[in-house]
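Each chain, written out:
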Amino acid sequence: MTTIIKESDAGVTVPATDNIVWHQHSVDKAARAENKQQQPCVLWFTGLSGSGKSTVAGALENELHKAGYHTYLLDGDNVRFGLCGDLGFSYADRKENIRRVGEVAKLMVDAGVIVLTAFISPHRQERELVRSLLGDSEFIEIHVDADLATCEQRDPKGLYKKARAGEIKNFTGIDSVYEAPIEPELYLDNGNNPVSISVQQIVTYLSQQGHIK
Ligand SMILES: Nc1ncnc2c1ncn2[C@@H]1O[C@H](COP(=O)(O)OS(=O)(=O)O)[C@@H](OP(=O)(O)O)[C@H]1O
Ligand SMILES: Nc1ncnc2c1ncn2[C@@H]1O[C@H](COP(=O)(O)OP(=O)(O)O)[C@@H](O)[C@H]1O
């Protein structure tokens, strides 16, 4: 368990988990999932900027939503306006970004939701940390793959151009590392395939694994 040091009321520094006992409520994850007729999980989209994480996650969410499933999409850009608005792109900040999102996703899974997350999440260690927060088969890592040249050509926000010009530092794929998943639950060749194929691949997996009917 993560030990976070905080100031106690008496001004003494203690681990945040001291003197706190988990309360088991009677309405639990299984009961909530049963109501929703779905098996909650986190669909963790990871890939370079411009690989298509938001596009594929958004199109998938549309499909699931239309079919009546309860979903929520946590998107990197959006989360950085609020929950993670204090964080930048250093290693420590990206790590904290993913940790917070992982904890939020875990709460949403507990609420019975099918969660989609679209974060570059460039480090294996942080993705594995999120996996470890969740139960068996609740964390579905999806590598949205498109090579750097394709992402750079797409460049919908003009960020690669700025990174190449040295106006943005620590840009993933340029002067900051991206560690591709080794054994993701799903691999999407989203540099060559249309979005519809990527979405279909995920829908097929979700129904094979019993997350949706
Ligand atoms: N230095 C640097 N490196 C990478 N990306 C950058 C950077 N600065 C800004 N952006 C924009 O921020 C989006 C990535 O945020 P994430 O929260 O997904 O990043 S991370 O997971 O914490 O690495 C990313 O969005 P996507 O293009 O949707 O991936 C960029 O638009
Ligand atoms: N399979 C695809 N084929 C062609 N273009 C795509 C595909 N997937 C995404 N795109 C386009 O690539 C660009 C980047 O997609 P986006 O979803 O914003 O990527 P990310 O969230 O990974 O940064 C967008 O302009 C989007 O329309």
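Predicted model, so just to flag it, every value in this text is computed and none were measured.

K.L.:
Give me the lowdown on the site of ligand 2, citing residues and values where you can.
P.N.:
By nearness alone, 14 residues border ligand 2, and Gly 50, Lys 53, Thr 55, Asn 190 and Asn 193 come closest of all. Between an oxygen atom of ligand 2 and a main-chain N or O atom of Gly 52, the distance comes to 3.0 Å. Contact distances for ligand 2 include 3.5 Å between a nitrogen atom and a side-chain N or O atom of Arg 154. Here ligand 2 has 570 Å² of accessible area as a free molecule, and 73% of this is covered by the chains.

K.L.:
So what about the side chain of His 123? Which residues, and what values?
P.N.:
Checked against the element boundaries, His 123 lands in the loop between β5 (114–118) and α5 (124–133). Excluding residues that lie within four positions of it along the chain, His 123 makes contacts with Tyr 91, Arg 94, Val 177 and Glu 179.

K.L.:
How would you summarise the UniProt feature "domain: APS kinase" (unreviewed entry) in the protein chain if you had to cite specific residues and measurements?
P.N.:
Residues given the UniProt feature "domain: APS kinase" (unreviewed entry) here are residues 39–189. Between the end C-alpha atoms of residues 39–189 the distance is 26 Å, and the span holds 40% helix and 18% strand.

K.L.:
Tell me about the UniProt feature "binding site: ATP" (unreviewed entry) in the protein chain, and name the residues and values.
P.N.:
This chain's UniProt record puts "binding site: ATP" (unreviewed entry) on Gly 47, Leu 48, Ser 49, Gly 50, Ser 51, Gly 52, Lys 53 and Ser 54. Lining the second largest pocket, from the residues just named, are Ser 49, Gly 50, Ser 51, Gly 52, Lys 53 and Ser 54. Its location among the elements puts Leu 48 in the loop between β3 (41–46) and α2 (53–66). Not counting chain neighbours up to four residues away, the residues in contact with Leu 48 comprise Lys 53, Ala 146, Asp 147, Leu 148, Cys 151, Tyr 160, Thr 172, Gly 173 and Tyr 178. Ignoring any residue separated from it by four or fewer positions in sequence, one finds Ser 54 in contact with Asp 75 and Ala 118.

K.L.:
Which residues make up the pattern of salt bridges, and what are the values?
P.N.:
This model, assessed by the stated rule, comprises eleven salt bridges. Residues Arg 100 and Asp 86 are paired through a salt bridge, measuring 2.9 Å at the closest nitrogen-oxygen approach. Within this pair, whereas Arg 100 is found in helix α4 (residues 91–110), its partner Asp 86 is found in the loop between α3 (76–79) and α4, the two being separated by 14 residues in sequence. Owing to a relative accessible area of 55%, Asp 86 belongs among the exposed residues under this scheme. The salt bridge partner of Arg 127 is Glu 141, with a shortest N-O separation of 2.6 Å. Remark: Glu 141 occurs in strand β6 (residues 139–145) and Arg 127 occurs in helix α5; sequence separation between them is 14 residues. Of the residues examined, Arg 127 reaches a relative accessible area of 1% and is grouped as buried.

K.L.:
Quick one: what's the story with the nonpolar core, residue by residue and with numbers?
P.N.:
Ranked by internal contacts, the top residues of the largest apolar core, which has 21 residues, are Leu 43, Phe 45, Leu 60, Ile 140, Ile 142, Ile 202 and Leu 206. Elements supplying a minimum of two residues to this core: β3, α2, β5, β6, β7 (186–189) and α8 (195–208). Ranked by the residues each element gives to this core, the list is headed by α8, at five residues. Residue contacts for Leu 206: discarding those within four places in its chain leaves Cys 41, Leu 43, Leu 64, Ile 140, His 211 and Ile 212.

K.L.:
Talk me through the layout of surface pockets; I want residue IDs and the actual numbers.
P.N.:
Roughly 710 Å³ of volume is contained in the second largest pocket. Lining the second largest pocket we find 34 residues, and of these Ser 49, Lys 53, Asp 77, Ile 120 and Lys 157 sit closest to its centre. Counting only elements with at least two residues in the lining of the second largest pocket, the list comes to α2, α3, α4, α6 (148–154) and α7 (159–164).

K.L.:
Break down the site of ligand 1 for me, citing the residues and quoting the values.
P.N.:
As a matter of local geometry, ligand 1 sits amid 21 residues, with Ser 49, Arg 80, Arg 94, Asn 97 and Ser 121 nearest to it. In this structure, Ser 121 approaches ligand 1 through a main-chain N or O atom, which is 2.8 Å from an oxygen atom. Burial of ligand 1 by the protein chains amounts to 92% of its free accessible area of 630 Å². In this structure, ligand 1 is accommodated by the second largest pocket. Those elements giving two or more residues to the shell around ligand 1 turn out to be α3 and α4.

K.L.:
So what about the side chain of Arg 80? Which residues, and what values?
P.N.:
The topology assignment puts Arg 80 in the loop between α3 and α4. This buried residue, Arg 80, is left without a salt bridge; Asp 93 holds the nearest opposite charge, at 6.4 Å.

Calculation notes
- Residues numbered from 1 in each chain as written.
- Chains lettered and ligands numbered in written order.
- Predicted model: local features only at pLDDT ≥ 70, side-chain atom pairs only at ≥ 80, totals over all residues.
- Heavy atoms only, no water.
- Near = heavy atom within 4 Å.
- Polar contact = N/O pair within 3.5 Å; in protein donor to acceptor, adjacent residues only side chain to side chain.
- Areas by Shrake-Rupley, 256 points an atom, 1.4 Å probe, with all protein chains shown as cover.
- Helix = DSSP H or I, 4+ residues; strand = E, 2+ residues; numbered from the N terminus.
- Contact = heavy atoms within 4.5 Å.
- UniProt positions renumbered as here; feature names shortened; annotations may be inferred.
- 1 Å grid on protein atoms, 1.4 Å probe; cavity = no way out; pocket = protein on both sides within 12 Å on 5 of 7 lines; lining within 4 Å.
- Salt bridge = Lys/Arg side-chain N within 4 Å of Asp/Glu carboxyl O.
- Buried < 20%, exposed > 50% of the residue type's maximum accessible area, 1.4 Å probe, protein only.
- Core = buried A, V, L, I, M, F, W, Y, C linked by side-chain atoms within 4.5 Å.
- Points joined across faces, edges and corners; volume = space filled by probe spheres on them.
- Sits in = over half its atoms within 2 Å of the grid points.
- Lys, Arg positive; Asp, Glu negative; His and termini not counted.

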